[in-house]
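Reading the structure
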Amino acid sequence: TRIGRQELNAELLDDTPGALWNRTMIESTRIRPVDSATPIILPHFVRILVAVDPQKEMGEAAAETGIMVVGLDSRGHGYLLEDLSINASPEEWGRAAVIAYDEWEADKIVYEANQGGEMVASVLRSAAKKLKEDGLRSADFVPLKDVHATRGKYVRAEPISQLYEQGKVHHVGFFPELEDQLCEYTPDGNMGYSPDRMDALVWGFTELLIGSIDNQGLMDYYAQESKAISDRLAGKAVALPSSIVSLQGPPGINTAYGAQGDKYLLDERGLFNVKEVDVKALQEAGFQ
């Protein structure tokens, strides 16, 4: 905990003025074990993603590849499940990301394409193929989605920070290195290092909780959300960014894929929880 880090490790953990996150904001929604003998009980997740932000320079001590596992529940709340960020070769971080995808039975891997572009996808595909050759997975295919930074870090991170403030994002356990980056990040971005863990977190939760943000960060997000609600009230079937619809599949079907490669699995009720954009196509394929 914050108190433990200060009392036991002699760390000074003050909030940074102007930072998008503060420690109280993170602490207030954290999911923690009651005691050492009681496991954390997680909700059912309708989607799980692995988000990758590749490190910018090989060999730099402070450079890391951010790898975050994030989940979405049926209420539209986001969960940080695991931080696997490492300073490693492309072969190593590609392997770590694909293993996380398999272990969490994730829907896809999203990766930042501004740094390396097709190279990042190639690393992840090669890792999947090598793991299959080693007998550690059954397929050499892994669903990927590239995301591009068209605006600065602050504009991208601001809507995610707002969701934390609204109590809609939860850290499952403790992630001190990541939380330090979040609580040190200010508009000037003058941290002395690249916050790759924060970047991966923002990519993951943007894909899960917000969807596409065209240009203006938080204000653009609220404009999109307001328009979607107005369209719904007017009788237009327009999806909110994170709308999820439950469908019943044809007999014998336990896996379905969306138009953008989203992987949908049966939940404990025997239903598929799918993005609204995929509903029509799945209905035409026999889903109800």
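Computed from a predicted model, the values in this text were never measured in an experiment. (Residues numbered from 1 in each chain as written. Predicted model: local features only at pLDDT ≥ 70, side-chain atom pairs only at ≥ 80, totals over all residues. Heavy atoms only, no water.)

Structural notes on helix α5 (residues 153-165)
We apply this condition: What counts as a helix is a DSSP run of H or I of at least four residues, what counts as a strand is a run of E of at least two, and both are numbered from the N terminus. Multiplying one less than the number of residues by 1.5 Å gives the expected span of a helix.
Spanning 13 residues, α5 covers 18 Å between terminal C-alpha atoms, matching the ideal 18 Å at 1.5 Å per step. Where α5 terminates, the next one or two residues include G167, which has phi positive at roughly 75°.

Side note on the nonpolar core
We count it as follows: Here, nonpolar core means buried Ala, Val, Leu, Ile, Met, Phe, Trp, Tyr and Cys residues that are tied together by side-chain atoms lying within 4.5 Å of each other. Only protein chains enter the area calculation, which uses a 1.4 Å probe; residues under 20% of their type maximum are buried, those over 50% are exposed, and those in between are partly exposed. Here, residues are in contact when the closest pair of their heavy atoms is within 4.5 Å.
Residues W21, Y164 and F205 are the most contacted members of the largest nonpolar core, which totals 30 residues. Elements with a minimum of two residues in this core: α2 (23-28), β1 (45-53), β2 (66-73), α5, α6 (176-184) and α7 (196-210). Counting residues per element, this core draws most heavily on α7, at 8 residues. Setting aside anything within four residues of it in sequence, one finds Y164 in contact with W21, M25, I26, V169, H171, L182, L201 and F205. One finds I67, Y79, A106 and Y111 within the second-largest nonpolar core, a separate group that totals 26 residues.

What to know about the packing of aromatic side chains
Filter applied, for reference: Under the pairing criterion, centres of Phe, Tyr and Trp rings, with the six-membered ring standing for Trp, must be within 6.5 Å; the plane angle then separates stacked pairs below 30 degrees from edge-to-face pairs above 60, leaving the rest tilted.
Under the counting rule described, the total for this entry stands at 4 aromatic pairs. Between W21 and Y164, the aromatic rings sit 5.7 Å apart at their centres with planes inclined by 85°, giving edge-to-face as the arrangement. Of the two residues, W21 is situated in the loop between α1 (2-9) and α2 and Y164 in helix α5; the sequence distance between them amounts to 143 residues. We note that W21, like Y164, is buried. On the basis of an interplanar angle of 65° and a centroid distance of 5.2 Å, the ring pair of F45 and Y79 is categorised as edge-to-face. Here the residue F45 occupies a position in strand β1, and Y79 occupies one in strand β3 (residues 78-83), the gap between them amounting to 34 residues. Residue F45 is classed as buried on the basis of its relative accessible area, which comes to 13%.

Section: the sheet that holds β3
To keep things clear, this is the line we draw: Whether two strands pair depends on DSSP finding at least two bridges between them. To obtain each axis, a line is fitted to C-alpha atoms, and for helices this fit is confined to the stretch in contact; angles are then taken between N-to-C directions over 0 to 180 degrees.
Strand order across the open sheet formed by 6 strands is β5-β4-β1-β2-β3-β6, with mixed pairing between neighbours. Either end of the sheet is taken by a strand with one partner, and the two such strands are β5 (144-147) and β6 (169-171). Shown here is a sheet whose adjacent strand axes are inclined to one another by a mean of 25°, direction ignored. Pairing between β3 and β6: 3 bridges, direction parallel. Each residue of the ladder has a partner; that of Y79, found in β6, is H170. Running over the sheet, helix α3 (residues 90-103) touches β1, β2 and β4 (108-112) and is turned about 180° from β1.

Some remarks on the pattern of salt bridges
Convention followed: Whenever Lys or Arg places a side-chain nitrogen within 4 Å of a carboxyl oxygen from Asp or Glu, that contact is recorded as a salt bridge.
Enumeration over the complete set of coordinates arrives at 17 salt bridges. Among the ionic pairs, R95 bridges to D134, the shortest N-O distance being 3.6 Å. With R95 in helix α3 and D134 in the loop between α4 (118-133) and β5, this residue pair connects regions lying 39 residues apart in the sequence.

With respect to unusual backbone geometry
Even without a glycine there, the phi angle at E105 is positive, about 50°. Residue classification places E105 among the exposed positions, given a relative accessible area of 56%.

Brief notes about the packing of α3 against α4
Where we set the bar: Angles below 35 degrees are treated as roughly parallel, those above 145 as roughly antiparallel, those between 65 and 115 as roughly perpendicular, and all remaining angles as oblique. For any helix crossing, the convention is left-handed if the near helix is rotated counterclockwise from the far helix by under a right angle, and right-handed if that rotation is clockwise. Side-chain classes are defined by residue name, with Ala, Val, Leu, Ile, Met, Phe, Trp, Tyr, Cys and Pro counting as nonpolar, Asp, Glu, Lys and Arg as charged, and the others, Gly among them, as polar.
Here α3 crosses α4 at 70°, and the two axes come no closer than 8 Å. The orientation of α3 with respect to α4, classified from their angle, is roughly perpendicular. Our pair here, α3 against α4, has a crossing hand that is right-handed. Two secondary-structure elements touch here, α3 through P90, W93, G94, R95, A97, V98 and I99 and α4 through V120, V123, L124, A127, A128 and L131. Here the contact of α3 with α4 is built from residues that sort into 11 nonpolar, 1 polar and 1 charged.

Any functional reading would require information beyond the geometric quantities listed.
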